[in-house]
Amino acid sequence: VLFTDVYLQRLWTVYEVASFLAFHSINDLDVVPVYQYTALLHHILVAFFYNGFIMILRAHSDDFIALFALTIVTGFLMCGEIRKSCHARAAMRAGLKTFDIRNTACEVEGDRELVYRNIVALMKACQICRLDAADDEVLTAFNEKVRKELPAAFAPVMGRYSFSV
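Residues numbered from 1 in each chain as written. Predicted model: local features only at pLDDT ≥ 70, side-chain atom pairs only at ≥ 80, totals over all residues. Heavy atoms only, no water.

A. Fine view of the packing of helix α2 (residues 34-60) against helix α3 (residues 64-97). It is the contact of α2 with α3, at a shortest axis distance of 10 Å, that shows an interaxial angle of 180°. One finds that α2 runs roughly antiparallel with respect to α3. A per-class count over the contact of α2 with α3 returns 15 nonpolar, 5 polar and 2 charged. (Axes fitted to C-alpha atoms, helices over the stretch in contact; angles between N-to-C directions. Helix = DSSP H or I, 4+ residues; strand = E, 2+ residues; numbered from the N terminus. Parallel < 35°, antiparallel > 145°, perpendicular 65-115°, else oblique. Nonpolar A, V, L, I, M, F, W, Y, C, P; charged D, E, K, R; others polar.)

Structure representation (structure tokens):
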């Protein structure tokens, strides 16, 4: 799963999760948070430009104040990226803790009932819910399953202190 901040907010991507959970162990789910790669790219770019400016400054002068100012600016840029990464992690944790399929966005509202029916059918077919359970009860059970099982898939990429599994 290429996970973004909106992944669990879109009905069709949630349907992907439901399908996966119905047929596979959560241990088979590989999660790749996109923010980690954008943060890495930003760090590389900042380091590249920092080193380039250092080489230019050293070639033309040994101005300590300019070098120090450049280092401070670079430090602030890196801290900003780390801060964004921390906010992305927090948003992922919050999104998992408060997940509710009923709050997802759907581009074509007519698809909502179809997806709900399919998730209900999957949950019943996999014996996660009773066959006679009401659809609303099954969707609530699905919410609980996502809240309970998905953090385990996120733990390897988020760090062991990010989620309690």
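B. Seen up close, the packing of aromatic side chains. Under the definition given, this model contains 3 aromatic pairs. Between the aromatic rings of W12 and Y15, the centroid separation amounts to 5.7 Å while the plane-to-plane angle is 75°, which identifies the pairing as edge-to-face. Here W12 pairs with Y15, and both are found in helix α1 (residues 11-23), just 3 residues apart, close to one helical turn. Of the residues examined, W12 reaches a relative accessible area of 38% and is grouped as partly exposed. Seen from their ring centres, F99 and F142 are 6.0 Å apart, and the 75° between their planes marks the pair as edge-to-face. Of this pair, F99 sits in the loop between α3 and α4 (111-125) while F142 sits in helix α5 (residues 135-158), and the two are 43 residues apart along the sequence. A single burial state applies to F99 and to F142, both of which are buried. (Phe/Tyr/Trp six-rings, centres within 6.5 Å; stacked < 30°, edge-to-face > 60°. Buried < 20%, exposed > 50% of the residue type's maximum accessible area, 1.4 Å probe, protein only.)

C. Highlighting the side chain of K145. Within the secondary structure, K145 is located in helix α5. By relative accessible area, which is 14% here, K145 ends up buried.

D. Summary view of the side chain of E81. Tracing the chain through its elements places E81 in helix α3. At 3.0 Å, the side chain of E81 and the side chain of H42 are in polar contact. In contact with E81, not counting residues within four places along its chain, are A39, H42 and H43. (Polar contact = N/O pair within 3.5 Å; in protein donor to acceptor, adjacent residues only side chain to side chain. Contact = heavy atoms within 4.5 Å.)

E. Representation of the pattern of salt bridges. Within the structure shown, the criterion is met by 7 salt bridges. Among the salt bridges present, the one from D132 reaches R130, with a minimum N-O distance of 3.0 Å. Judged by relative accessible area, which is 63%, D132 ranks as exposed. R130 serves as the salt-bridge partner of E137, at 2.9 Å between the closest nitrogen and oxygen. Residue class for E137 comes out partly exposed when judged on its relative accessible area of 38%. Its relative accessible area of 47% is what places R130 among the partly exposed residues. One network of salt bridges, with partners in common, ties together D100, R102 and D136. (Salt bridge = Lys/Arg side-chain N within 4 Å of Asp/Glu carboxyl O.)

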